[in-house]
Amino acid sequence: MTTDAGGIVGEFLSLKESTDADVLAMQCGDFYEFFADDAELVADELDLKVSQKSSHGSSYPMAGVPLSELTPYLKALVERGYRVAVAEQYETDDGHAREIERVVSPGTVVDPDGAEARYLAAVEHDDGDDGHDSWGVAFAEVTTGRFHAAAFTELDDVRAELHRFAPVELLPGPGVREDDARLADLRESTDARLTLHEAEAFAPGRARHRLGEQFGGQALAAVGLDADPAVAAAGAVLHYVDETGAGVLASMTRLGGLDAGGRVALDATTQRNLELVETMQGESTGTLLDTLDHTETAAGTRLLREWLTRPQRDRAELERRGKAVEAFASAALARDRLLDTLDGTADLERLAARATSGSAGPRDLVAVRSALERLPELAAAIDGTALADSPVPDVLARPDQGAARDLHDELAEAIAEEPPGSIGGDGGVIARGYDEELDELVAEYEEAVEWLDTLAEREKRQHGLSHVSVDRNKTDGYYIQVGKSVAGQVPDHYREIKTLKNSKRFVTEELEERERTVLRMEERREELERRIFEEVRDRVAAEAELLQDVGRALAELDVLAALGHHAATNDWTRPEFTDGDELQIVAGRHPVVEQTTDFVPNDLHMDRERGFLIVTGPNMSGKSTYMRQCALISLLAQTGSFVPADAATLPLVDGVYTRVGALDELAQGRSTFMVEMQELSNILHSATEDSLVILDEVGRGTATYDGISIAWAATEYLHNEVRAKTLFATHYHELTALAEHLPRVANVHVAAEERDGDVTFLRRVREGPTDRSYGVHVADLAGVPDPVVSRADEVLDRLREEKAIEAKGGGGGDSVDGAETKQAVFDLSAGEFAANVGGSNGKRPDTPAGNGPAVATAEAGGEVPDDAAEPATEPAAAAEPTEAGIDPAIEDVLAALRETNVNETPPVELMARVQEWQEQLDADEE
Ligand code: ADP
């Protein structure tokens, strides 16, 4: 397409060339038009009709929307990921001109009605002088004025924030863009549209200056923001918002940090695995947020989302929330009254942004007024109830009450009770009695209109006419309309202006004079109303911070009441926090699954001596559900909520880490063994003694020996070094043996009953390991042919006989009491454990020739359970006799066995060998 089209299309094309937006909407009179390719695009996307526009001998596709309907179309385009430039038309001395006024993108569309937050984000990276990565992130929401920025050293933290904020548009900084892999990483971590904003906007010096201007010089220090990439990201967001012309900068009054220190670390994977705000399938129904969201307002939903994805570690804050939720849970009537009062309350954070951007209309100010009116109503709903004795009144009292009252009163005085949607027309936006000049004008105007309204009657009387009416339209202005039958009788001073089928229209000089007066007054009234309205709106804009405060307070009441409601109606209980190590959940349930299932509650007990649970049980028995419910109970407690249990005593965790089975993720096409290992690696690096770790299968994405080795070693590391409270569900039945050698490991299993080949899931978590693995049973259930199932059982038994694994207890110096590393060798052919003292490399110690696996005391550290300390009572047959006493045939078998490297021999060959040995031994016996 060339730009020498000329005419209106030419103007469109040259404006389009001047912007990097994807689409241009250009005002042409009462319409916004799209031409050429843009017309085709929007027609396609939005189902608009395309017509043809001729211009300078060529014909161009054209599509348009009326001025008043642009916003929904813009939103729809932007939601599909387009950036849309909007060119407005101006009157000039010689006609009109057009200019691009703003560029609307996913992150800068001001959408006061949508309930969802729409964050714009920027991410910048810096290699750092010391070679250490440093990341900066900033998140802003133009419709509420929210603004947060922070610096991180790990990409994972950036990812966690991206998951939390779920931005719709992201500006990668030059430090990110210069590295393809980094950019790809980022792209993978978000569904946001990536916009390549100009690199200069990220220059730290400029960014710092811009931030200072916006938030005040102290703001950066106040949120501890001095890292360059964070400053760059925040500055770029401001620059972009400014450039795109949304006009909302003024509502961004406060710069918030992300305060990772006081929060529970929740990486993106964990947020996803626990389905906090989005299910693993990307849905919002069936999430924890969805289950708990009984809030009445959009702001309440946003805050609840924030609380759930950003649990707290501040005990005082949690106690405060807990007390408030408790009060709401018990005071049902007061709670309902309060929720009723909140119902329909406008979104003050959004209205504040509309006021500052100058887009708030009369009804927006009425919405502000009625939201402010809720403050005394809410106070009345609380007063004299059980809520009064809780932290609830403090929440309400947080915003400046006096300022809120003043603003409310001013709005009540200034804006009419039920104003029209816009200024102009019949007026009536500004309340009577607010402005003397306007009142006088309105009085005169009404008098003039009264004269016009009664004119028809007077004319009828004076001139004896029937069928007379006085009316007004756009082309004729005011006129006297007389029925045709009497049109001949009109007085001489009537001047005819139009003949219709059944009537004629006349004007008189006096009528024209009055008309001029009325029009002048209308114009003047509109001007005056607009001026006054803008003053009032500016006054509201100046109180943006107050409105944000009130909005936050109302949202918090909404969330606390909603949590109270959920607690009361679902028999939840207030958790107790302990400074110690004890974690005790009595009859815990899964908060989401219990909604739709007849749920079987289960306990969880962990403490200093019992910090690592290996959870076994058949497939589908409920292992994942159990582990997730434990993590969710911990998280709910740390958002201040009640929890689904009969009782819960919980330590404050500093982070929750999860990884779920390769198979679950495989179903979503995102797992590779690499991802699994990256997640594991992240947990092993990041978790601490105060964390809660949920491992739902580890090592499943690779061959059995690899897998079991990794699971084994990870268990030892978590147990000995990290010492995080861990729940580990595994199908490697072999791992259950670890409980005997790692002092803090215990086995639990989800019970199932097998009778006549049928498995009944009991959903009960019991102490101890499962007595068997049910994988083969699942194959059976799935209809795998009988011969295969029974052969699989045989193979399984043989494989068990072939395995030997070591447990390495008490690793790190100050971990488990013993300074020495202890090893135990699990030899399934002997059916026993054996421990070797002193080995530190984790390798199986050499076995003295002819002595078979060493059988020694199985003591690993001082805290081994008694039964594990028992030496093997009945050493395996192969270990006992001396070489001299052994039958040569057996000797041969043993030699062959010793030479066989279990890890390197393919299972099929192993089986064949075992069979061969058995046959040899059988033959020997005969
Ligand atoms: P696993 O991890 O052992 O394969 P899941 O945790 O995925 O098993 O649970 C399998 C099914 O059992 C799920 O559909 C879940 O809803 C149900 N379930 C799990 N635990 C319970 C329980 N305690 N009470 C009732 N149903 C449960």
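Just so it is clear, the model here is predicted, and its values are computed rather than measured. (Residues numbered from 1 in each chain as written. Predicted model: local features only at pLDDT ≥ 70, side-chain atom pairs only at ≥ 80, totals over all residues. Heavy atoms only, no water.)

**A short note on helix α13 (residues 315-330)**
Next, step 1: For α13, with 16 residues, the first-to-last C-alpha span of 22 Å sits near the 22 Å given by 1.5 Å per residue.
Next, step 2: Among the residues of α13, those classed as buried are E317, L318, R321, G322, A324, V325, A327, F328 and A329.
Next, step 3: Between the side-chain oxygen at the start of α13 and the backbone nitrogen of A316 there is a gap of 3.0 Å, and the oxygen is on D314. (Helix = DSSP H or I, 4+ residues; strand = E, 2+ residues; numbered from the N terminus. Expected span 1.5 Å × (residues − 1). Buried < 20%, exposed > 50% of the residue type's maximum accessible area, 1.4 Å probe, protein only. Polar contact = N/O pair within 3.5 Å; in protein donor to acceptor, adjacent residues only side chain to side chain.)

**Description of the site of the ligand**
Next, step 1: Contacts to the ligand come from 14 residues, most closely from V600, M620, K623, S624 and T625.
Next, step 2: At a separation of 2.7 Å, an oxygen atom of the ligand approaches a polar backbone atom of M620.
Next, step 3: A distance of 3.2 Å separates an oxygen atom of the ligand from a polar atom in the backbone of S621.
Next, step 4: Look at the ligand: alone it shows 560 Å² of surface, and the protein chains cover 79% of it. (Near = heavy atom within 4 Å. Areas by Shrake-Rupley, 256 points an atom, 1.4 Å probe, with all protein chains shown as cover.)

**Things to note about the packing of aromatic side chains**
Next, step 1: Within this structure, the stated rule accounts for 6 aromatic pairs.
Next, step 2: With 4.8 Å between their ring centres and 75° between their planes, Y119 and F165 make a pair best called edge-to-face. Of the two residues, Y119 is situated in the loop between β6 (95-104) and β7 (120-126) and F165 in helix α4 (residues 155-165); the sequence distance between them amounts to 46 residues. For the pair shown, Y119 and F165 are each scored as buried.
Next, step 3: Pairwise contacts between aromatic rings join Y119, F139 and F165 into one cluster.
Next, step 4: The ring of W307 carries the charged tip of R321 above its face, separated from the ring centre by 3.7 Å.
Next, step 5: The ring of Y479 has R505 sitting right over it, with the charged end atom 4.2 Å from the ring centre. (Phe/Tyr/Trp six-rings, centres within 6.5 Å; stacked < 30°, edge-to-face > 60°. Lys NZ or Arg CZ within 6 Å of the ring centre and 35° of its normal.)

**Focus on the side chain of T309**
Next, step 1: If you trace the backbone, T309 turns up in helix α12 (residues 298-309).
Next, step 2: Take T309: its relative accessible area is 3%, and that puts it in the buried class.
Next, step 3: In this structure the side chain of T309 is engaged in a polar contact, spanning 2.9 Å, whose partner is the backbone oxygen of R305.
Next, step 4: With sequence-adjacent residues up to four places away left out, T309 is seen in contact with R164, L266, Q271, L276 and V277. (Contact = heavy atoms within 4.5 Å.)

**Examining the confidence of the model for the protein chain**
Next, step 1: Taken residue by residue, the protein chain gives an average pLDDT of 83. The fraction at 70 or more is 84%.
Next, step 2: Per-residue pLDDT stays below 50 along residues 811-883; that stretch engages in 130 contacts with residues further than four places along the chain or on separate chains. (pLDDT = per-residue confidence, 0-100.)

**Section: the sheet that holds strand β11 (residues 193-194)**
Next, step 1: Taken together, the 5 strands give an open sheet; going across it, the order is β9-β8-β7-β10-β11, and neighbouring strands pair in mixed fashion. In the strand order of this sheet, the two ends are held by β9 (146-152) and β11, each with one partner. (Pairing = 2+ DSSP bridges.)

**Quick notes on the sheet that holds strand β17 (residues 576-578)**
Next, step 1: Here 4 strands make up an open sheet; going across it, the order is β17-β21-β18-β19 and the pairing mixed. Unpaired on one side and paired on the other, β17 and β19 (602-606) mark the two borders of the sheet. The average undirected angle you get between the axes of adjacent strands in this sheet is 20°.
Next, step 2: Direction of pairing for β17 relative to strand β21 (residues 647-651): parallel, over a ladder of 3 bridges. Bridge pairing in β21 links F577 to L650.
Next, step 3: Against the sheet, helix α24 (residues 623-637) contacts β17, β18 (583-588), β19 and β21, and its axis sits at roughly 70° relative to β19. (Axes fitted to C-alpha atoms, helices over the stretch in contact; angles between N-to-C directions.)

**Considerations on the packing of α13 against helix α22 (residues 544-569)**
Next, step 1: Two elements in contact, α13 and α22, have axes whose closest approach is 7 Å; the angle formed by their N-to-C orientations is 60°. With respect to α22, the element α13 is oriented oblique. Crossing hand, α13 versus α22: right-handed. For the pair α13 and α22, the contacting residues are R320, R321, A324, V325, F328 and A329 in the first and E556, L557, L560, A561, L563, G564, A567 and A568 in the second.
Next, step 2: Considering only residue class, the contact of α13 with α22 consists of 10 nonpolar, 1 polar and 3 charged. (Parallel < 35°, antiparallel > 145°, perpendicular 65-115°, else oblique. Left-handed = near helix turned anticlockwise from the far one by under 90°. Nonpolar A, V, L, I, M, F, W, Y, C, P; charged D, E, K, R; others polar.)

**A few points about the packing of helix α16 (residues 362-382) against helix α18 (residues 401-414)**
Next, step 1: Interaxial distance between α16 and α18 falls to 9 Å at its minimum, and their mutual angle equals 135°. When the axis of α16 is compared with that of α18, the two are oblique. Between α16 and α18 lies a crossing whose hand is left-handed. Along the contact surface, α16 presents L365, V368, R369, L372, E373 and L375, while α18 presents Q401, A404, L407, H408, L411 and A412.
Next, step 2: For the contact of α16 with α18, the class distribution of residues is 8 nonpolar, 2 polar and 2 charged.

**Points about the pairing of strand β25 (residues 745-755)**
Next, step 1: The buried count for β25 comes to 8 of 11 residues, which makes it a mostly enclosed element.
Next, step 2: Sheet topology note: the strand β20 (residues 612-616)/β25 ladder contains 5 bridges and is parallel. Of the residues in β25, the one forming a bridge with L613 is A746.
Next, step 3: Here β25 pairs with strand β26 (residues 758-767) via 7 bridges, running antiparallel.

**Concerning the nonpolar core**
Next, step 1: One finds L411, I415, L604, V656 and L727 to be the most contacted residues of the largest nonpolar core, which totals 127 residues.
Next, step 2: One finds A122, F147, L171 and A233 within the second-largest nonpolar core, a separate group that totals 29 residues. (Core = buried A, V, L, I, M, F, W, Y, C linked by side-chain atoms within 4.5 Å.)

**Structural notes on the pairing of strand β10 (residues 169-172)**
Next, step 1: The two faces of β10 match: E169 and L171 on one face and L170 and P172 on the other face are all buried.
Next, step 2: In terms of strand pairing, β7 meets β10 through 4 bridges, oriented parallel. By the bridge assignment for β10, A122 is matched with L171.
Next, step 3: Pairing of β10 with β11 involves 2 bridges; the strand directions are parallel. The residue of β11 that forms the bridge with E169 is R193.

**Quick word on a negative patch on the surface**
Next, step 1: Residues D126, D129, D130, D133, E154 and D157 make up a contiguous surface patch of negative charge.
Next, step 2: In this structure, D126 sits in strand β7.
Next, step 3: Residue D126 is classed as partly exposed on the basis of its relative accessible area, which comes to 32%. (Patch = residues over 30% accessible without salt bridge, like charges linked within 9 Å, V, L, I, M, F, W, Y side chains within 5 Å. Salt bridge = Lys/Arg side-chain N within 4 Å of Asp/Glu carboxyl O. Lys, Arg positive; Asp, Glu negative; His and termini not counted. Charge placed at Lys NZ, Arg CZ, Asp CG, Glu CD.)

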